[in-house]
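Residues per chain, in single letters:
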Amino acid sequence: MKKLDLKKDFAELYKVSANKISLVTVPKLNYLMIDGHGDPNNSAMFREAIEALFSVSYTMKFMFKKGEQQIDYSVMPLEGLWWTDDMNNFSMENKAAWKWTIMIMQPDFITNEVIEQAKQQAGRRKALPRLNNLRLESMEEGLCAQLLHTGPYSAEGPNILKLHAFIKENGYKLHGKHREIYLSDMRRTAPEKLKTIIRQPVTQ
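This text gives an overview of the structure that appears in the document. Here the structure is a predicted model, which means the values were calculated and not measured. (Residues numbered from 1 in each chain as written. Predicted model: local features only at pLDDT ≥ 70, side-chain atom pairs only at ≥ 80, totals over all residues. Heavy atoms only, no water.)

**Some details on the pairing of strand β5 (residues 99–106)**
No. 1: Burial runs high along β5: seven of the eight residues are buried.
No. 2: Pairing analysis gives eight bridges linking strand β2 (residues 22–37) to β5, with the strands arranged antiparallel. Within β5, the residue paired with D35 across the bridge is T101.
No. 3: Across six bridges, strand β4 (residues 78–83) lies against β5 in antiparallel orientation. Residue L81 lies in a different strand from β5, and its bridge partner there is T101. (Buried < 20%, exposed > 50% of the residue type's maximum accessible area, 1.4 Å probe, protein only. Helix = DSSP H or I, 4+ residues; strand = E, 2+ residues; numbered from the N terminus. Pairing = 2+ DSSP bridges.)

Following this line, the structure appears as structure tokens:
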């Protein structure tokens with residue numbers, strides 16, 4: 001059986017030193033995505049989106065592991081893009097105004113046909129209201145600054161400011177959407193132990 005370790009293949013993107021800011025170049029990668037809006041802390045839409053993403057991602061994993069391909073790979077962490085129509089008004093205190101895309105990076109052999117098969121299988125096992133909102137899309141973020149935040153999401157503010165200060169001090173400008181990579185399972189991890197990569201695309 002062929003085994004893939006995407007976290008190892010893309011180690012600089014997913015293994016980040018605590019509170020140490022680094023510059024990385026994020027290549028073109030494929031993601032299973034779903035869009036939404038509103039405060040993630042009390043949004044049924046957000047919970048249903050996560051459930052659909054993980055259900056289909058794990059279904060595809062086992063399709064390849066148990067199928068003729070005999071490929072075993074780990075499902076990648078949940079990631080999120082966060083923004084508002086006017087980023088000058090982006091505020092940790094007004095999450096109701098947030099828009100978001102949450103996603104999971106996929107191996108390059110995942111196709112729309114595979115996703116449709118997985119959606120049908122996952123939908124037969126459990127009602128998934130956001131199943132048909134899923135899509136496969138490629139993204140290339142390019143040059144980004146990132147650091148690892150440990151603790152609750154509500155305490156990210158100082159590290160976000162630290163990241164933005166680093167970007168400006170090193171002659172770069174913010175470019176694109178605020179991104180987070182959730183290395184911990186937010187449904188099963190104590191808030192103080194959560195590990196989150198905070199990433200910001202930059203330009204000169």
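**Section: the pattern of salt bridges**
No. 1: Applying the stated criterion to the full structure yields eleven salt bridges.
No. 2: One salt bridge connects R179 with E79, and the closest N-O pair in it is separated by 2.7 Å. Taken together, the residues R179 in strand β8 (residues 178–182) and E79 in strand β4 connect sequence positions 100 residues apart. There is no split in this pair, since R179 and E79 are both buried.
No. 3: Residue R199 pairs with E141 through a salt bridge whose shortest N-O separation is 3.5 Å. One end of the pair, R199, is in strand β9 (residues 195–203); the other, E141, is in strand β6 (residues 135–150), and 58 residues separate them in sequence.
No. 4: Here R199 falls in the buried class, since its relative accessible area comes to 1%.
No. 5: Among the residues examined, E141 registers a relative accessible area of 13% and is labelled buried.
No. 6: One salt-bridge network, in which partners are shared between bridges, spans E79, E141, R179 and R199. (Salt bridge = Lys/Arg side-chain N within 4 Å of Asp/Glu carboxyl O.)

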